[in-house]
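Commentary on secondary and tertiary structure
Each chain, written out:
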Amino acid sequence: MMNTLKGALLRHLVLFKFKAETTSEAVITLEQAFADLPSKIPEIVAFEWGLNNSPEGLNEGFTHCFLVSFSNEADRDNYLPHPEHKKFVELAGPYIEKALVVDYWTP
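Cut-offs used in this document
Residues numbered from 1 in each chain as written. Predicted model: local features only at pLDDT ≥ 70, side-chain atom pairs only at ≥ 80, totals over all residues. Heavy atoms only, no water. Pairing = 2+ DSSP bridges. Helix = DSSP H or I, 4+ residues; strand = E, 2+ residues; numbered from the N terminus. Axes fitted to C-alpha atoms, helices over the stretch in contact; angles between N-to-C directions. Contact = heavy atoms within 4.5 Å. Buried < 20%, exposed > 50% of the residue type's maximum accessible area, 1.4 Å probe, protein only. Arc of directions from axis to C-beta. Polar contact = N/O pair within 3.5 Å; in protein donor to acceptor, adjacent residues only side chain to side chain.

**Re the sheet that holds strand 1 (residues 10–18)**
What the 4 strands build is an open sheet, ordered 2-3-1-4; its pairing is antiparallel. Of all the strands in the sheet, the pair left with one neighbour each is strand 2 (46–51) and strand 4 (96–105). Shown here is a sheet whose adjacent strand axes are inclined to one another by a mean of 15°, direction ignored. By the bridge criterion, 7 bridges tie strand 1 to strand 3 (residues 64–70) in an arrangement that is antiparallel. Within the sheet, the bridge partner assigned to F16 lies in strand 3 and is H64. The sheet strands contacting helix 1 (residues 24–40) are strand 1, strand 2 and strand 3, and the helix crosses strand 2 at an angle near 160°.

In structure tokens, the structure reads:
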């Protein structure tokens, strides 16, 4: 459902669970590659990421959270097949055991 509230953002939340054999060097490379996307894809209006720090133990092995924000659904829809995003997905694919993606509108 499209949100028409002025100032609302469409958030694209991505969680990664890396394969056990993924080296810390590979993880650092992927963190940087994802963080570089906003400079390559103009539709991204905000970006942040971080590592799980919850003491609850409910993360089910997901360690990395990336939050990509868009002004509208059209921008998100342009991002998904964007060559730079596809390049990142190809780079990350061999190292990801599981990914979880949720998109939502801010109130």
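**A word on unusual backbone geometry**
Within the chain, E60 stands out as a residue other than glycine whose phi angle is a positive 50°. On the secondary structure map, E60 appears in the loop between strand 2 and strand 3. Residue E60 is classed as exposed on the basis of its relative accessible area of 65%.

**A look at helix 3 (residues 83–92)**
Note: α-helices contain 3.6 residues per turn, so residues at a spacing of three or four share the same orientation. Those residues of helix 3 that sit buried are H85, F88 and A92. Along the axis of helix 3, the buried residues cluster in a sector spanning 60°; they form a single face. In helix 3, the exposed residues that point more than 90 degrees away from the buried face are P83, K87 and E90. Contacts from the buried residues of helix 3 go to strand 1, helix 1, helix 2 (73–79) and strand 4.

**Topic: the environment of S39**
Here S39 shows up in helix 1. S39 sits in the exposed class, given a relative accessible area of 64%. Taking C-alpha positions, S39 is 19 Å from E90, a pair spaced 51 residues apart along the chain. Of the polar contacts made by the side chain of S39, one reaches the backbone oxygen of D36; its length is 2.7 Å.

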